[in-house]
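Understanding the architecture of this molecule
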Amino acid sequence: MNQEVDPTACEETACRTKVDLFRQLRGASSSSSSSSSSPSGTTTPRSELIALYQSRKDAVLQRPGQGECPPDREELGRATWALMHSVAAYYPHQPNVEDKRAARGLVSAIARLYPCSHCREDFRTEIERSPPKVESQEEFSRWVCEQHNAVNDKLGRQAFTCGDSGALRERWRFGSERCRESWRGEETAGESLGQE
Ligand SMILES: Cc1cc2nc3c(=O)[nH]c(=O)nc-3n(C[C@H](O)[C@H](O)[C@H](O)COP(=O)(O)OP(=O)(O)OC[C@H]3O[C@@H](n4cnc5c(N)ncnc54)[C@H](O)[C@@H]3O)c2cc1C
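Where an unreviewed UniProt entry is consulted, the protein appears under the name Sulfhydryl oxidase, with the organism given as Chloropicon roscoffensis. Within the UniProt record for the protein, the comment given under Catalytic activity (unreviewed entry) is "2 R'C(R)SH + O2 = R'C(R)S-S(R)CR' + H2O2".

Here it is, written out as structure tokens:
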């Protein structure tokens, strides 16, 4: 496997995106490895290319500063769901009029501005069918969970049990036993947010 690819390659204009990085790895791999794609037609196993890509991608993405690349659909999705579930997890139990307006506003801003065009179109359709439920923390968390499940379903992924408010709170606010272990003596997620 090629070891000479520069993990900072994303700083180069030739490697602006992870797709480019993947292509670059494929090209570099084919020129330096006998088991990779070559003019004679031999091909690097896909699993090897993906492992190489993942190791370089992480090195590039996790480096602060110039090496960072823009989020793709998956990364942006994870970050956006984290925001929405977290907002819902810390939403007031008895929201006032302004809280409710802000919660609806957040949802409608995402439906209008979310950069993945087909994601946002489907999201709009979903929220027309089921407008945001913002009367309480539990209700809003469940509604966000159901929206996320609609996308999970579309992508053939496992559904979360949205009726289980304890599971939702554990995932997005209080953490599992494993999280609490790792927080022992350290700042918890909630504390780092100035919440508890
Ligand atoms: C509004 C919106 C629409 C999107 N539409 C599309 C689309 O049309 N096509 C597409 O390819 N991608 C879409 N995405 C992105 C997609 O939903 C995923 O975020 C992305 O594919 C990354 O998936 P993942 O497996 O890493 O985990 P994610 O689905 O991002 O989930 C992150 C974590 O949330 C938890 N989780 C999962 N489901 C639930 C739930 N129902 N309730 C609470 N917690 C949960 C799990 O712990 C999971 O690890 C959309 C994202 C958003 C925010």
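Now that the structure has been shown, the text picks up again.
As for the layout of surface pockets
A volume near 650 Å³ is recorded for the largest pocket. Looking at the largest pocket, it is lined by 25 residues, and the ones nearest its centre are Gly77, Trp81, Tyr114, Val151 and Leu155. Those elements that provide at least two residues to the lining of the largest pocket are α3 (73–89), α5 (117–129), α6 (137–154) and α7 (165–174). Each residue belonging to the lining of the largest pocket can be placed in one class, and the counts come to eleven nonpolar, five polar and nine charged.

Here we look at the site of the ligand
Taken together, 23 residues sit near the ligand, with Arg78, His148, Lys154, Arg157 and Arg171 positioned nearest. Measuring from an oxygen atom of the ligand, one finds a side-chain N or O atom of Lys154 at 2.4 Å. Separating an oxygen atom of the ligand from a side-chain N or O atom of Arg157 is a distance of 2.9 Å. Against a free-state accessible area of 960 Å², the protein chains account for coverage of 85% of the ligand. With respect to the pocket detection grid, the ligand is positioned in the largest pocket. Elements that contribute at least two residues to the shell around the ligand include exactly α3, α5, α6 and α7. Here the shell around the ligand gets seven residues from one element, more than from any other, and that element is α3. Per-class residue counts for the shell around the ligand are ten nonpolar, seven polar and six charged.

What counts, and at which threshold
Residues numbered from 1 in each chain as written. Predicted model: local features only at pLDDT ≥ 70, side-chain atom pairs only at ≥ 80, totals over all residues. Heavy atoms only, no water. UniProt positions renumbered as here; feature names shortened; annotations may be inferred. 1 Å grid on protein atoms, 1.4 Å probe; cavity = no way out; pocket = protein on both sides within 12 Å on 5 of 7 lines; lining within 4 Å. Points joined across faces, edges and corners; volume = space filled by probe spheres on them. Helix = DSSP H or I, 4+ residues; strand = E, 2+ residues; numbered from the N terminus. Nonpolar A, V, L, I, M, F, W, Y, C, P; charged D, E, K, R; others polar. Near = heavy atom within 4 Å. Polar contact = N/O pair within 3.5 Å; in protein donor to acceptor, adjacent residues only side chain to side chain. Areas by Shrake-Rupley, 256 points an atom, 1.4 Å probe, with all protein chains shown as cover. Sits in = over half its atoms within 2 Å of the grid points.

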